[in-house]
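A closer look at the structure
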Protein chains: 2
Amino acid sequence: MDKLYVGQENVTEWVFAEREVRLFAEITGDQNPVHLDSEYAAKGKFGKTIVHGILLAGLISKVIGMELPGKGSIYLEQDLQFKKPVFVGEKVTAKVKITDIHKNKIFTLETNIYDKDSYCVINGTAKVLYEK
Amino acid sequence: MDKLYVGQENVTEWVFAEREVRLFAEITGDQNPVHLDSEYAAKGKFGKTIVHGILLAGLISKVIGMELPGKGSIYLEQDLQFKKPVFVGEKVTAKVKITDIHKNKIFTLETNIYDKDSYCVINGTAKVLYEK
C-alpha cells in the first residue's frame with residue numbers, strides 16, 4: 001500500500017435517496033417527520049424532507065473506513081457542525097483530508113460534506129486509529 | 001406538551017444487530033470489514049465485529065428527533081468521542097440530557113451511550129434547534 005501523507009485527500013460523491021433515509025429511520029428508530037413526512041416538511045422551515053444529519057455523517061464513515069486511511073480504521077472522535085440541510089435525493093460530496101499523522105497510527109482528518117452547489121453543509125474533524 | 005427544562009433526561013435502550021449493521025453498510029457504502037467480516041475481526045484487536053460508530057450515533061439522533069427535545073428537532077452540532085467499541089448485537093443505552101436552553105429554541109444536550117456494563121462507550125454533546 002502506498003504511504004499515507006499529510007494533505008492527502010479523498011473526494012467521494014453519494015446520494016441519500018428516499019430508500020436510504022427510510023432504512024436509516026428503521027434501523028435507528030429516528031422517525032422524526034422532518035426526514036420522512038413530506039406534508040409535515042412542506043409546512044416547516046425547509047419545505048421538503050431532509051436527510052438525517054447522522055446519515056450524512058455515514059458518508060464520512062464510509063470514506064474513512066474504505067478509502068482514507070482505509071479498511072481497518074477505528075473511529076476515535078468525530079465532530080460535526082451541520083451548516084445547512086440536505087434534501088432527500090440530493091447529491092453530496094464528501095472531502096476527507098489528512099491533517100496530521102501521529103506515531104504513524106493516529107490520524108487527524110478534516111471531514112467536510114458539500115452540496116451540489118459546492119456549499120459546505122457539514123463541517124467536521126475526525127480522529128482515527130489506523131495501524132498497518 | 002410539557003415544558004422542557006434544563007436537567008431533563010431521556011434514557012433509551014437499543015440493539016444494533018447484524019441486520020442493522022449490514023443495512024447501514026449498504027446505505028452508506030461503509031463496508032469496513034471491522035463491522036462485517038467475522039474472520040477479519042477475529043484477527044483484529046477486538047476479536048469480534050463491532051457496530052459502526054456513526055450508526056451508534058444514530059441512536060442519539062433518534063432520541064433527539066423523537067423524544068428530547070422531540071419531533072421537528074434540527075441538528076446544529078454533534079461531537080462524539082468513541083471510548084470503547086460495541087460488539088454487533090450488544091444492547092446499548094443512550095442517555096440524553098438538556099444542559100442549556102437558549103432563547104427557548106437552541107438546546108444544548110449531553111449525549112452519552114453506555115454498554116451493558118454501564119461503561120460509557122460514546123461521550124458527546126449536541127446542539128439542536130427546536131421551535132414549538
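Now for a quick tour of the structure.

Of the regular secondary structure elements, chain A holds four helices and five strands. In chain A, the succession of α and β elements from N to C terminus is β-α-α-α-α-β-β-β-β. On the principal axes, the C-alpha backbone points of chain A span a range of 50 × 30 × 20 Å. Per-residue burial over chain A gives 52% buried out of 132 residues. Of all intrachain contacts in chain A linking residues separated by at least 6 positions in sequence, the fraction that spans at least 24 positions is 63%. A total accessible area of about 6,100 Å² is found for chain A, and carbon and sulfur atoms account for 46% of it. Side-chain charges in chain A split into 18 positive and 18 negative, and the spacing between the mean points of these groups amounts to 3 Å.

A few words on the sheet that holds strand E1 (residues 9-15) of chain B. Taken in spatial order, the ten strands of this open sheet run E1(A)-E3(A)-E4(A)-E5(A)-E2(A)-E2(B)-E5(B)-E4(B)-E3(B)-E1(B), and their pairing is antiparallel. Strand pairing shows two members of the sheet lacking a second neighbour, strand E1 (9-15) of chain A together with E1 of chain B, which therefore form its edges. Between one strand axis and the next, the sheet turns by 20 degrees as a mean value, whatever way the strands run. With eight bridges connecting them, strand E2 (residues 74-82) of chain A and strand E5 (residues 120-129) of chain A associate as antiparallel partners. Within E5 of chain A, the position partnered with Ile74 of chain A by the bridge is Leu129 of chain A. Packing of helix H4 (residues 53-66) of chain A onto the sheet brings it into contact with E1, E2, strand E3 (91-102), strand E4 (106-114) and E5 of chain A together with strand E2 (74-82) of chain B, and relative to E2 of chain A it is tilted by some 140 degrees.

Glancing now at the interface of chain A and chain B. The interface of chain A with chain B comprises 43 residues on the first partner and 43 residues on the second. Approximately 3,400 Å² of surface area, both sides summed, lies buried where chain A meets chain B, with 63% of it carried by carbon and sulfur atoms. Area buried by chain A at its contact with chain B is led by Ile27, Ile54 and Phe82 of chain A, which between them contribute 19% of it. At the surface where chain A touches chain B, the tally comes to four salt bridges. Of the charged contacts, one joins Arg19 of chain B and Glu26 of chain A as a salt bridge, the two residues approaching to 2.7 Å between their closest N and O atoms. Our count for the contact surface shared by chain A and chain B stands at 15 residue pairs in polar contact (both at pLDDT 80 or more).

Further remarks concern helix H1 (residues 18-28) of chain A. Burial in H1 of chain A covers these residues: Glu20, Val21, Leu23, Phe24, Ala25, Ile27 and Thr28 of chain A. Turning to H1 of chain A, the residues buried within the fold contact E1, helix H2 (33-36) and H4 of chain A together with E1, helix H1 (18-28) and helix H4 (53-66) of chain B. Looking one or two places after H1 of chain A, you find Gly29 of chain A, whose phi comes out positive at around 85 degrees.

Placing chain A over chain B gives an RMSD of 0.0 Å and needs a rotation angle of 180 degrees, together with 0.0 Å of translation along the axis. Taken together, the turn and the small shift mark the pair as related by a two-fold rotation axis. Across chain A, the smallest distance between a C-alpha and the rotation axis is recorded for Asp79 of chain A, namely 2.0 Å. When you check the interface residues of chain A against chain B, 100% turn up at the interface there too, and the contact is symmetric in its surfaces.

The geometry of H1 of chain A relative to H4 of chain B is characterised by a closest axis approach of 9 Å and an angle of 85 degrees between their N-to-C directions. What the angle tells us is that H1 of chain A and H4 of chain B run roughly perpendicular. Facing H1 of chain A, whose interface residues are Phe24, Ile27 and Thr28 of chain A, H4 of chain B presents Leu55, Gly58 and Lys62 of chain B.

About the cut-offs
- Residues numbered from 1 in each chain as written.
- Chains lettered and ligands numbered in written order.
- Predicted model: local features only at pLDDT ≥ 70, side-chain atom pairs only at ≥ 80, totals over all residues.
- Heavy atoms only, no water.
- Helix = DSSP H or I, 4+ residues; strand = E, 2+ residues; numbered from the N terminus.
- Buried < 20%, exposed > 50% of the residue type's maximum accessible area, 1.4 Å probe, protein only.
- Contact = heavy atoms within 4.5 Å.
- Areas by Shrake-Rupley, 256 points an atom, 1.4 Å probe, with all protein chains shown as cover.
- Lys, Arg positive; Asp, Glu negative; His and termini not counted.
- Charge placed at Lys NZ, Arg CZ, Asp CG, Glu CD.
- Pairing = 2+ DSSP bridges.
- Axes fitted to C-alpha atoms, helices over the stretch in contact; angles between N-to-C directions.
- Buried area = accessible area lost by both parts, 1.4 Å probe.
- Salt bridge = Lys/Arg side-chain N within 4 Å of Asp/Glu carboxyl O.
- Polar contact = N/O pair within 3.5 Å; in protein donor to acceptor, adjacent residues only side chain to side chain.
- Least-squares fit on C-alpha atoms with pLDDT ≥ 70 in both.
- Parallel < 35°, antiparallel > 145°, perpendicular 65-115°, else oblique.

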